[in-house]
Amino acid sequence: MSDTNEPLVRFVDVQKSYDGVTLVVKKFNLDMQKGEFLTMLGPSGSGKTTCLMMLAGFEPATHGEIFLQGQPINNVPPHKRGIGMVFQNYALFPHMTVAENLAFPLQVRNMSKSDTEDRVNKALDMVQLGEFGGRRPAQLSGGQQQRVAVARALVFDPDVVLMDEPLGALDKNLREQMQYEIKHIHENLGITVLYVTHDQSEALTMSNRIAVFDDGVVQQLAPPSTLYEKPENAFVAQFIGENNVLSGNVISIDGDSCHVDVGNNRSVHALKVNVNNVGDTSTLSIRPERVVLNPGSEYNNVFEGKVEELIYLGDHIRTRMVVCDDSDFIVKVPNSGELGQLREGDTVKVGWKMEDCRALD
Amino acid sequence: MSDAPLVTVDGTPLKVSLGRAKRKAKIRALLLVAPLFLFILLTFFIPIMSMLLRSVDNENVAYTLPNTADLLAEWDVDSGDLPDEAVFAALAADFKAATVSKEDDINATKVGTRFNYEKSGFRSMFRKTNKIFEKGGVEPPYKEAFIKINKRWGDADYWRVMQREMRGKTDSYYLAAVDSGYTDDGERAMNKPGKRIYLKLYGRTLGISLLITCICLLLAYPVAYLLSILKSRTSNLLMILVLLPFWTSLLVRTSAWIALLQKEGVINSVLVSIGVIDDANRLLMIHNATGTIIAMVHVLLPFMILPLYSVMKTIPPSYMRAARSLGATPFTAFTKVYMPNTVPGIGAGAILVFILAIGYYITPALVGGQSGTLISNEIARHLETSLNWGLAAALGALLLVAVFALYLVYDKIVGIDNMKLG
């Protein structure tokens, strides 16, 4: 590569329509660096899988260019792109053994028999399935099939590995275990991964960066912590993690902060994120764990809350309250051992800091 | 853990208890299949078995001529002499008894017909003799009397055949079915080359069936593939078109092919009018093997499409995509990944079409002409026209054996578990 900063994968103004009436992907731009683990996260139908399929070459882009290592690949057929792919149902070939499945990409590249064997064995060891080479995929458990699928997508050293909801069919425990395994493989081999999921915790666990999709548009592209701490709009705030929402009108703007009237002359002091003018409507986003009961004087926002429902969750008590007319206001009260402090129907003071309350569109 | 058998809480052995619990389900399963099982047994299995028995059955010869059969067994064929007077006397007694018998199975003319399959001349010999006995019979000495009625009674070769076929079971139908028979010396041998028909017919039947199966596979594969990838609304519509032939009578469809393919038919006329062929050289596409193949491919095509479709429908498109993303060209992806996964459908379709083709009767009978008739037509001819049911049964039994043999070969090569009919 001549330019070390050149992105490995590049989408430029990519649009996609299946029916010529609606756009499934509206102006998608993305630069992906070598070695990155990037996740496209979004609800189903948001266009994330379509983007993946366009990169893999199974769907043509309606408009725009896709570059791989600086080369436009719109007219390159899938088998010449050198992109590994892990499918949701694994797509292991049922008529071949595990070893034959892994050898397939090497055989179609006319690799010598001994090299093929070496690579297959190495790949099997990498996913801890050394003894399973002679089995058929149907004789493996879901997790093992998943590992074979990952190994097969990696065995021919592709430039990029695409994963399309690969853990969707596994149960919760196995899914979490596989998340770590894939993350470790990524770290150990330094491969570039483009991952698609609708599971936010999966995205947060594994990714360097996450692109949150909705309605064919990337709402925010940022590292996991930024997405959670500093969502740029109401959709991202809602989609990533739990979120309390208050809505109102901006009454004053003061540098980085602003005051928002949430009704009944209650003014909330909030961080100005994307409100511009006094009088705009705004959605305030406050994370449940940033709200405290009986706040001290350092808290700028203090309001009355009426306890509606208490749910015991072990490490914390999830408390649903009515705060500023919002009856779905959730507060996570840490379980400090003093159970029974709160009763349904109690009225308590709740408070949060200005920095933890973001005024969004 | 001890090796003592497990018991339930009240002490019954677990196996007994489980057997009791399962018995009800077993009885219910039996009751569910019982009506169909009885139906098949009565209308299919028993008739076929009795038909197959006919291929070796010779009982009514010995039944009609019991006294002759007893005495003739002791006659030494190779002596060169005729049987002695006692045999002729027994024969006369048997003929006499046959003329007055009311039983259907006791009929000297029928026995003559039976012997006539082995050696021509028997039919007229027995009919003539029977007529004489109906008018009152003959006086001793019987040997001279019989030879007077028909001089073939004095020919030891005829007696040799009679002695052989007096036995209750015979292999002569099977020998005839493979173009063989007994020589005048009583040896089994192939017929003269000009008189061999059935082996050639078996060969032709297998060949044409195989060809039809291959053509069906070639035609059905792309159609089934298209059906499997289309949206269900379009594919359902196309599926109706595939099944449309089943809604029309087989006779109508075959007649339509006659109208299309005959010498003055639609296709020839069109080809002549656009000048592809000239009027004197119209193509012969019907009443020969070509006609049989074309019409039967059309009739049997759905039997290939349906199993192929049902298998292809279950192959996720991600297999092909995975193969492509792993670096396989579309052709390699198809041959190495897609096609091996359709083998169960190919197997099922091929075996269905082949077995249907090998026993097909009506289409070759209508459009087959001389070169396009199959073994089933010959079986039908023996059942309906020549009334040689024993030979028909033997030909059918051999066909059945051939099908079973092919089935075993198929099982060996493809594996019958690998077949998927739907």
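Rules of the game
Residues numbered from 1 in each chain as written. Chains lettered and ligands numbered in written order. Predicted model: local features only at pLDDT ≥ 70, side-chain atom pairs only at ≥ 80, totals over all residues. Heavy atoms only, no water. Domains from an automatic or database assignment. 1 Å grid on protein atoms, 1.4 Å probe; cavity = no way out; pocket = protein on both sides within 12 Å on 5 of 7 lines; lining within 4 Å. Points joined across faces, edges and corners; volume = space filled by probe spheres on them. Helix = DSSP H or I, 4+ residues; strand = E, 2+ residues; numbered from the N terminus. Nonpolar A, V, L, I, M, F, W, Y, C, P; charged D, E, K, R; others polar. Expected span 1.5 Å × (residues − 1). Buried < 20%, exposed > 50% of the residue type's maximum accessible area, 1.4 Å probe, protein only. Arc of directions from axis to C-beta. Contact = heavy atoms within 4.5 Å. Pairing = 2+ DSSP bridges. Axes fitted to C-alpha atoms, helices over the stretch in contact; angles between N-to-C directions. Phe/Tyr/Trp six-rings, centres within 6.5 Å; stacked < 30°, edge-to-face > 60°. Lys NZ or Arg CZ within 6 Å of the ring centre and 35° of its normal. Core = buried A, V, L, I, M, F, W, Y, C linked by side-chain atoms within 4.5 Å. Parallel < 35°, antiparallel > 145°, perpendicular 65-115°, else oblique. Patch = residues over 30% accessible without salt bridge, like charges linked within 9 Å, V, L, I, M, F, W, Y side chains within 5 Å. Areas by Shrake-Rupley, 256 points an atom, 1.4 Å probe, with all protein chains shown as cover. Salt bridge = Lys/Arg side-chain N within 4 Å of Asp/Glu carboxyl O. Buried area = accessible area lost by both parts, 1.4 Å probe. Polar contact = N/O pair within 3.5 Å; in protein donor to acceptor, adjacent residues only side chain to side chain.

1. Some thoughts on the domain arrangement of chain B
Assigned domains of chain B: these are domain 1 (1-52), domain 2 (60-167) and domain 3 (198-418). For domain 1 of chain B and domain 2 of chain B, the distance between their C-alpha centres works out to 55 Å.

2. As for the layout of surface pockets
All names here are of chain B. Of the voids in this model, the largest pocket is the one considered here, and its volume is about 920 Å³. Lining the largest pocket we find 30 residues, and of these Tyr117, Glu118, Ser180, Asn191 and Lys195 sit closest to its centre. When residues of the lining of the largest pocket are traced back to their parent elements, those giving at least two are helix H5 (108-118), helix H8 (156-165), helix H9 (172-177), strand E1 (180-182), strand E2 (188-190) and helix H18 (375-384). In terms of residue class, the lining of the largest pocket is made up of eleven nonpolar, nine polar and ten charged.

3. Let's talk about helix H6 (residues 122-134) of chain B
Note on helix geometry: an α-helix contains 3.6 residues per turn, so any two residues three or four positions apart are oriented the same way. Residues and elements named next belong to chain B. End to end, H6 covers 18 Å across 13 residues, agreeing with the expected 18 Å (1.5 Å per residue, within 8%). For H6, every residue scored as buried is listed here: Phe122, Met125, Phe126, Thr129, Asn130 and Phe133. Across the axial projection of H6, the buried residues extend over an arc of 125°, all falling on one side. Its buried side turned inward, H6 meets helix H4 (85-100), H5, helix H7 (142-149) and H8. A positive phi of about 135° marks Gly136, the residue just after H6.

4. Quick notes on the environment of Met85(A)
Assignment of secondary structure puts Met85(A) in strand E6 (residues 83-86). When residues no more than four places from it in sequence are discounted, the contact partners of Met85(A) are Leu52(A), Met53(A), Ala56(A), Phe58(A), Ala153(A), Leu162(A), Asp164(A) and Ser325(B).

5. Points about the sheet that holds strand E9 (residues 209-214) of chain A
Consider a sheet: its strands pair through backbone hydrogen bonds, and that pairing is either parallel or antiparallel. Residue and element names in this part refer to chain A. Taken in spatial order, the six strands make up an open sheet running E6-E7-E8-E3-E9-E10, and their pairing is mixed. Looking at the sheet topology across the chains shown, the edges are occupied by E6 and strand E10 (217-222). Here the strands of the sheet are splayed against their neighbours by 20° on average, with no regard to which way each runs. With four bridges joining them, strand E3 (residues 37-41) and E9 adopt parallel strand pairing. Across the sheet, the residue bridging to Met40 is Ala211, located in E9. In this fold helix H4 (residues 142-154) packs onto E6 and strand E7 (160-164), with an angle of close to 175° to the strand it touches most, E6.

6. Considering the packing of aromatic side chains
Following the criterion strictly, the structure yields 27 aromatic pairs over all chains and no others. Each ring, one from Phe122(B) and one from Phe126(B), has its centre 6.1 Å from the other, and the planes form 55°; the classification is tilted. Note that Phe122(B) and Phe126(B) are positioned in helix H6 at a spacing of four residues, about one turn of the helix. Residue class for Phe122(B) comes out buried when judged on its relative accessible area of 0%. With a centroid separation of 5.7 Å and 20° between ring planes, the pair formed by Phe334(B) and Tyr338(B) is classed as stacked. With Phe334(B) and Tyr338(B) both in helix H16 (residues 330-358), this residue pair falls four residues apart, about one helical turn. For Phe334(B), a relative accessible area of 26% translates into the label partly exposed. The class of Tyr338(B) is buried, set by a relative accessible area of 5%. Connected via pairs of aromatic rings, a cluster forms that spans Phe88(B), Phe95(B), Phe115(B), Phe122(B), Phe126(B), Phe133(B), Phe146(B), Trp153(B), Tyr158(B) and Trp159(B). Above the face of the Tyr228(A) ring, Arg287(A) is positioned so that its terminal group lies 4.0 Å from the ring centre.

7. Structural notes on the pairing of E3(A)
Residue and element names in this part refer to chain A. Within E3, five of the five residues are buried, which leaves it mostly tucked inside the rest of the structure. On E3, burial covers both faces: Phe37, Thr39 and Leu41 on one face and Leu38 and Met40 on the other are all buried. Bridge count for E3 against strand E8 (residues 192-197) is five bridges, and the pairing is parallel. In the sheet register, Leu41 faces E8, and the bridge partner there is Thr197.

8. Some points on the nonpolar core
Of all hydrophobic cores here, the largest spans 100 residues; its most connected members are Phe28(A), Met40(A), Leu55(A), Phe93(A), Leu162(A), Ile212(B) and Leu300(B). Sort the elements by how many residues they give to this core and helix H14 (residues 289-313) of chain B lands first, with eleven residues. Apart from the residues within four sequence positions on either side, Ile212(B) is in contact with Ile293(B), Met296(B), Val297(B), Leu300(B) and Val353(B). In terms of nonpolar packing, the next biggest core, distinct from the first, is built from 29 residues, Leu65(B), Leu72(B), Leu91(B) and Phe146(B) among them.

9. Quick notes on the packing of helix H12 (residues 250-261) of chain B against helix H13 (residues 266-273) of chain B
All names here are of chain B. At a minimum axis separation of 4 Å, H12 and H13 run at an interaxial angle of 20°. In this view, H12 runs roughly parallel relative to H13, as classed from their interaxial angle. For the pair formed by H12 and H13, the contact residues are Ala259, Leu260 and Leu261 on the first element and Val266, Ile267 and Asn268 on the second.

10. A look at the sheet that holds strand E16 (residues 301-312) of chain A
All names here are of chain A. Overall, antiparallel pairing links the five strands, which are arranged E15-E19-E16-E17-E18 in an open sheet. In this open sheet, the two edge strands, each paired with only one partner strand, are strand E15 (292-293) and strand E18 (326-334). Bridge analysis of E16 against strand E17 (residues 316-323) gives seven bridges, and the strand direction is antiparallel. Looking at the pairing, Val307 lines up with Met321 of E17.

11. Let's talk about a nonpolar patch on the surface
All names here are of chain B. On the surface, a cluster of nonpolar side chains totalling about 880 Å² of accessible area is made up of Leu36, Phe39, Ile40, Leu42, Phe44, Phe45, Ile46, Ile48 and Met49. Within the secondary structure, Ile46 sits in helix H1 (residues 14-54). Relative accessible area serves as the criterion here: at 43%, Ile46 is assigned to the partly exposed category.

12. Describing the interface of chain B and chain A
Across the boundary between the two partners, chain B contributes 18 residues, which contact 22 residues of chain A. Between chain B and chain A lies a buried interface of about 1,700 Å² when both sides are counted; carbon and sulfur atoms form 67% of it. On the chain B side of the interface with chain A, the three residues burying the most area are Arg321(B), Ser325(B) and Leu326(B), jointly 40% of the side's total. The partner of Glu59(A) in a salt bridge is Arg321(B), and the shortest N-O contact between them spans 3.9 Å. Our enumeration of links across chain B and chain A arrives at five residue pairs in polar contact (both at pLDDT 80 or more). Counting only elements with at least two residues in the side of chain B that touches chain A, the list comes to helix H15 (317-325) and H16 of chain B.

13. Remarks on the pattern of salt bridges
As enumerated under the stated definition, the model contains 27 salt bridges over all chains in all. Between Glu165(A) and Lys48(A) there is a salt bridge; the shortest N-O distance is 3.8 Å. Within this pair, whereas Glu165(A) is found in the loop between E7 and helix H5 (172-189), its partner Lys48(A) is found in helix H1 (residues 48-56), the two being separated by 117 residues in sequence. In this structure, the salt-bridge partner of Glu118(B) is Arg164(B), at a minimum N-O distance of 3.3 Å. Taken together, the residues span a long stretch of sequence, with Glu118(B) in helix H5 and Arg164(B) in helix H8 at a distance of 46 residues. Taken together, the salt bridges that share partners define one network made up of Arg114(B), Glu118(B), Arg164(B) and Glu165(B).

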